[in-house]
Amino acid sequence: MIPQFSRDDLKGIFHYTGKLIILLGYLFLLPLFVALLYKEWNPANDFIFSSLFSLSIGYLIVSQFPEESDINWRQGMTIASLIWLIYMFLGAIPLYLSGHYRSYLDSCFESMSALATTGLVLVNNLDHMANSYNFWRHFMCFIGGQGIILLGLLIFFRGASASIIYVGEAREEKILPNVVQTAKFIWVVSMCYLIIFTLILGIINIIHSFSFSRAFFHAICVFMAGWDTAGFAVQTQNIAYYHSPLIDIITSLIVILGAVSFGLHYALWTGKFKEIFKNYEFKTFMISIIFLTLFAYIGFIKFTKNIDFFSSFRIISYHIISGHTGVGYTNGDSFYLKNYLPDFSLILLIIAMGLGGCSCSTSGGIKMLRIGLILKELKKEVKGYSLPTSTVIVEKFHHIKDISLTDTQVKLSSIILIMYIATYIIGGIIGTFFGYPFLHSLFESTSACANVGLSVGITNPDMPNLLKITYIIEMWIGRLEFISVFVFIKYLISLRSPE
Amino acid sequence: MKKLFLIFLFSAVLYSSEKVKIKELYENSEFYNGKSIVIEGEAIGEKMGKGDEIWVNIKDEFEDFAIGVVMSKIDIEKIENFGRYRIKGDIVRVEGIYNVNCIKHPGERDIHAIKVEVIKKGERYNEELSLKKIYLSFILLFITVFLIFLYHKKEIKV
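This structure is a prediction, so every number in the text was calculated from the model and none was measured. (Residues numbered from 1 in each chain as written. Chains lettered and ligands numbered in written order. Predicted model: local features only at pLDDT ≥ 70, side-chain atom pairs only at ≥ 80, totals over all residues. Heavy atoms only, no water.)

Draft legend 1. Structural detail: the overall build of chain A. Along chain A, the regular secondary structure elements total 22 helices and two strands. The C-alpha radius of gyration computed for chain A amounts to 22 Å, which stays within 12% of the reference 23 Å derived for 499 residues, consistent with globular compactness. Each principal axis of the C-alpha atoms in chain A carries an extent, and together these give about 65 × 65 × 50 Å. Within chain A, residue pairs in contact and separated by at least 24 positions form 73% of the contacts whose partners lie at least 6 positions apart. Taken as a whole, chain A presents about 18500 Å² of accessible surface, with 70% of it coming from carbon and sulfur. (Helix = DSSP H or I, 4+ residues; strand = E, 2+ residues; numbered from the N terminus. Rg over C-alpha atoms; globule rule 2.2 N^0.38 Å. Contact = heavy atoms within 4.5 Å. Areas by Shrake-Rupley, 256 points an atom, 1.4 Å probe, with all protein chains shown as cover.)

Now the structure itself:
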């Protein structure tokens, strides 16, 4: 039997959901500022409209449910899932009004893609898009990558409610004892990197003859989408627009930093530099990137004619890093992946995308800590067979501190692993229903669910609406790592069964 | 004699150049690789780089496909408008060699321009303000102010 949600549960859910909607209303003021800065009057009006619309909905809800109370686990999980859908619908309003999308569904797709830091796009004529709309696309990546709830934590949630809702947004690690302090740390780190890399990219762009304003506009957008492993770009050609190996290197560095656990960032910020060499997850992540790049490269040069070492290395390493970190930046294009990459390299790229980055980072996918834990358990099992049955084997790993491997950790990691793989495959099968080859639809499905954003060309405005909805769902559940979405679905079912 | 040879070479290139769409280039990369082709499209964004090798991205006028073109300083000076918001870029015809994996620019898929000409000048344009949207925003402003007032009134009671 499904436990019922009480009226008090609903009060808490609506109260905090309303507050988070109000927060979105105020967040629209930033792209509005950009619109005013660039004298983009029509977009400015669209952002005023979107802001007022969100504020009116938010205040309407909060005025009906004004009582603030501590929330329980099921409320926290439901708020976390629900708010992502609401942000998708509201965040899509200015995009739809921009006229760059064929339908509201397309703008919702783009909005979810940005918030979930996927990077798959359905935008038309991006090269002529107003700066403020473009800024909003990238700013949504930043909000989503940092976490909508994480932003709310700084403002609304306190005490036990804060801890519950923090986990609901697929973050388990508490870097500092208090989740609000953790949220503050994550924002401080992100803002520091934003300043550093916006300066670096801006200067490179100026060297490449960009105007000052364009140089820094591109720089801040590329940073926001890179750091939060979203992979959106200012121009249609993505990173290939810049024709610059230096930009490739800098963006690779940004995305690796974005895919690294904030726990590791904290260790480095507090001067514990040895943590880089000791951290089990980071080591697994780097080994995985190196080996996948190496094998994908071997496959590429075996099957591709007339290509030199540096060209193939630049293309392969960039895409493996892009896929593994979940950013989805490309220095090529979808046709290159579809027509030029041999199946062998494409499969390795799918594996890289599916694995994802580190836990408690901005990247998606299964996460390297889970993979590492399952490998540790495998090692433990193999060891168990070669030792006397009475031997107790304790496997340890270092992740910020020394941790003993427990059955619960392995069980949870295995469940999430199975859920991800199942979703990748189901999405792939749905793609084949619409006539796409299985390997290509598996690639696109993995890219959506692991929040990567690389594409072999299936994602485009002409794709079937049902497939767009499939990918929206995949992006949503992939970003929230299933559990909170399942609690939310359970909640919806409980609404339908009055007993 | 040298001049005659150059004219012959130039006309040979011109004759053999095939006009293709950018999407077609991407779809049939193997076929066009290393061949002389002609593309037409809008110059977008900005020119990048200095000296004798400048990058310009050319976008198909009607589809969302663009490609990087390497051209000389003389050719780049022909282009005045680069497409972006409120600017329609110059429509250019580029004749050049298409490279799937450029040897000179490793990792780039590009066109090395031989001849560039502007076939249609671009222009700045203004977007008309939508009065309907402005009225709608005003109505929404009153509703929002009323709801904020309602919320604060209830909050004081709670």
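Draft legend 2. Layout of the pairing of strand β2 (residues 401-404) of chain A. All names here are of chain A. As paired strands, strand β1 (residues 396-399) and β2 are joined by four bridges and run antiparallel to one another. Paired with Lys-396 across the two strands is Ser-404, which belongs to β2. Two successive antiparallel strands, β1 and β2, enclose a turn made up of one residue, where Ile-400 displays a positive phi of approximately 70 degrees. (Pairing = 2+ DSSP bridges.)

Draft legend 3. Looking closely at the pattern of salt bridges. Residue and element names in this part refer to chain B. Across all of its chains, the model carries 24 salt bridges over all chains by this definition. Of the charged contacts, one joins Glu-42 and Lys-88 as a salt bridge, the two residues approaching to 3.7 Å between their closest N and O atoms. Of the two residues, Glu-42 is situated in strand β2 (residues 36-48) and Lys-88 in strand β5 (residues 87-88); the sequence distance between them amounts to 46 residues. Relative accessible area serves as the criterion here: at 26%, Lys-88 is assigned to the partly exposed category. We note a salt bridge from Lys-59 to Asp-64, for which the minimum N-O separation is 3.8 Å. Look at Asp-64 and you get partly exposed, because its relative accessible area is 26%. Taken together, the salt bridges that share partners define one network made up of Lys-19, Glu-40, Arg-93, Lys-115 and Glu-117. (Salt bridge = Lys/Arg side-chain N within 4 Å of Asp/Glu carboxyl O. Buried < 20%, exposed > 50% of the residue type's maximum accessible area, 1.4 Å probe, protein only.)

Draft legend 4. Fine view of the packing of helix α15 (residues 309-325) of chain A against helix α17 (residues 343-355) of chain A. Residues and elements named next belong to chain A. For the pair α15 and α17, interaxial distance at closest approach is 6 Å and the crossing angle is 35 degrees. Here His-319, Ile-320, Gly-323 and His-324 of α15 lie close against α17, whose contacting residues are Leu-348, Leu-349, Ala-352, Met-353 and Leu-355. Considered class by class, the residues forming the contact of α15 with α17 number six nonpolar, three polar and no charged. (Axes fitted to C-alpha atoms, helices over the stretch in contact; angles between N-to-C directions. Nonpolar A, V, L, I, M, F, W, Y, C, P; charged D, E, K, R; others polar.)

Draft legend 5. Representation of the environment of A:Ser484 in the model. In this structure, A:Ser484 sits in helix α22 (residues 483-496). Sequence separation between A:Ser484 and A:Arg74 is 410 residues; the distance between their C-alpha atoms is 8.3 Å.

Draft legend 6. Looking closely at the packing of helix α4 (residues 73-97) of chain A against helix α6 (residues 131-146) of chain A. Residue and element names in this part refer to chain A. Here α4 crosses α6 at 170 degrees, and the two axes come no closer than 10 Å. Regarding the angle of α4 to α6, the classification is roughly antiparallel. Note on packing geometry: the crossing formed by α4 with α6 is left-handed. Across the interface between the two elements, Trp-84, Gly-91, Pro-94, Leu-95 and Leu-97 of α4 pack against Tyr-133, Trp-136, Arg-137, Met-140 and Gly-144 of α6. (Parallel < 35°, antiparallel > 145°, perpendicular 65-115°, else oblique. Left-handed = near helix turned anticlockwise from the far one by under 90°.)

Draft legend 7. Structural detail: the interface of chain A and chain B. Facing the 57 residues of chain A at the interface are 52 residues of chain B. Buried area between chain A and chain B, summed over both chains or domains, comes out near 4600 Å², and the portion from carbon and sulfur atoms is 56%. Ranking the residues of chain A by area buried against chain B places A:His128, A:His243 and A:Phe335 at the top, with a combined share of 15%. Remark: the boundary between chain A and chain B carries three salt bridges. In this structure, the salt-bridge partner of B:Glu108 is A:Arg314, at a minimum N-O distance of 3.1 Å. Where chain A touches chain B, the interface holds 23 residue pairs in polar contact (both at pLDDT 80 or more). Mapped onto the side of chain A that touches chain B, the elements with two or more residues apiece are α3 (41-64), α10 (212-227), α15 and α16 (334-340) of chain A. In terms of residues, the side of chain A that touches chain B owes the most to one element, α3(A), which gives 16 residues. Across the side of chain A that touches chain B, the residue classes break down as 27 nonpolar, 20 polar and 10 charged. (Buried area = accessible area lost by both parts, 1.4 Å probe. Polar contact = N/O pair within 3.5 Å; in protein donor to acceptor, adjacent residues only side chain to side chain.)

Draft legend 8. A look at helix α9 (residues 179-207) of chain A. Here α9(A) contains 29 residues, and its C-alpha end-to-end distance of 42 Å stays within 8% of the 42 Å for a straight helix at 1.5 Å per residue. The positive-phi residue at the C-terminal boundary of α9(A) is A:Ser209, with phi of around 80 degrees. (Expected span 1.5 Å × (residues − 1).)

Draft legend 9. A look at the packing of aromatic side chains. Using the criterion set out here, one finds 33 aromatic pairs over all chains in the structure. Note on A:Tyr59 and B:Tyr151: the rings are 5.4 Å apart at their centroids and 55 degrees apart in plane angle, and the pair reads as tilted. Taken as a pair, A:Tyr59 in helix α3 and B:Tyr151 in helix α5 (residues 131-157) lie in two separate chains rather than in one. Per residue, the accessibility class of A:Tyr59 equals that of B:Tyr151, and both read buried. (Phe/Tyr/Trp six-rings, centres within 6.5 Å; stacked < 30°, edge-to-face > 60°.)

Draft legend 10. Seen up close, the side chain of A:His218. Within the secondary structure, A:His218 is located in helix α10. Contacts of A:His218, omitting those with residues within four sequence positions, involve A:Asn205, A:Phe210, A:Val234, A:Gln235, A:Tyr241, A:Tyr242 and B:Glu46.

Draft legend 11. Structural detail: the environment of B:Lys120. All names here are of chain B. Here Lys-120 is to be found in strand β7 (residues 110-120). For the pair Lys-120 and Val-92, spaced 28 residues apart in sequence, the C-alpha to C-alpha distance is 7.0 Å. Apart from residues no more than four positions distant in its own chain, Lys-120 is found in contact with Glu-61, Asp-90 and Ile-91.

Draft legend 12. Main features of a nonpolar patch on the surface. Residues and elements named next belong to chain A. Where nonpolar side chains cluster on the molecular surface, the patch consists of Ile-287, Ile-290, Phe-291, Leu-294, Phe-295, Ile-298, Phe-303 and Phe-344 and spans about 790 Å² of accessible area. Tallying contributions element by element places helix α14 (residues 280-303) first for the nonpolar patch, with seven residues. Positionally, Leu-294 belongs in helix α14. (Patch = residues over 30% accessible without salt bridge, like charges linked within 9 Å, V, L, I, M, F, W, Y side chains within 5 Å.)

Draft legend 13. View of unusual backbone geometry. Residue and element names in this part refer to chain A. The phi angle at His-243 is positive, at roughly 50 degrees, despite the residue not being glycine. Phi angles above zero are rare outside glycine, and Phe-482 is one such case at about 70 degrees. Tracing the chain through its elements places Phe-482 in the loop between α21 (465-480) and α22. The exposure class of Phe-482 is buried, given its relative accessible area of 1%.

Draft legend 14. Here's a closer look at the side chain of B:Arg109. Its location among the elements puts B:Arg109 in the loop between β6 (91-99) and β7. At 2.8 Å, the side chain of B:Arg109 and the side chain of B:Ser29 are in polar contact. Here the side chain of B:Arg109 touches B:Tyr98 through a polar contact of 3.0 Å, side chain to side chain. Excluding residues within four positions of it along the chain, B:Arg109 makes contact with A:Asp333, A:Phe335, A:Tyr336, B:Leu25, B:Tyr26, B:Ser29, B:Ile67, B:Gly68, B:Tyr98, B:Asn99 and B:Val100.

Draft legend 15. Seen up close, the environment of B:Met71. Residue and element names in this part refer to chain B. Looking at the secondary structure, you find Met-71 in strand β4 (residues 66-71). Remark: the alpha-carbon pair of Met-71 and Val-20, spanning 51 residues in sequence, is separated by 18 Å. Residue contacts for Met-71: discarding those within four places in its chain leaves Asp-52, Glu-53, Ile-54, Val-56, Ile-76, Ile-79, Ala-113 and Val-116.

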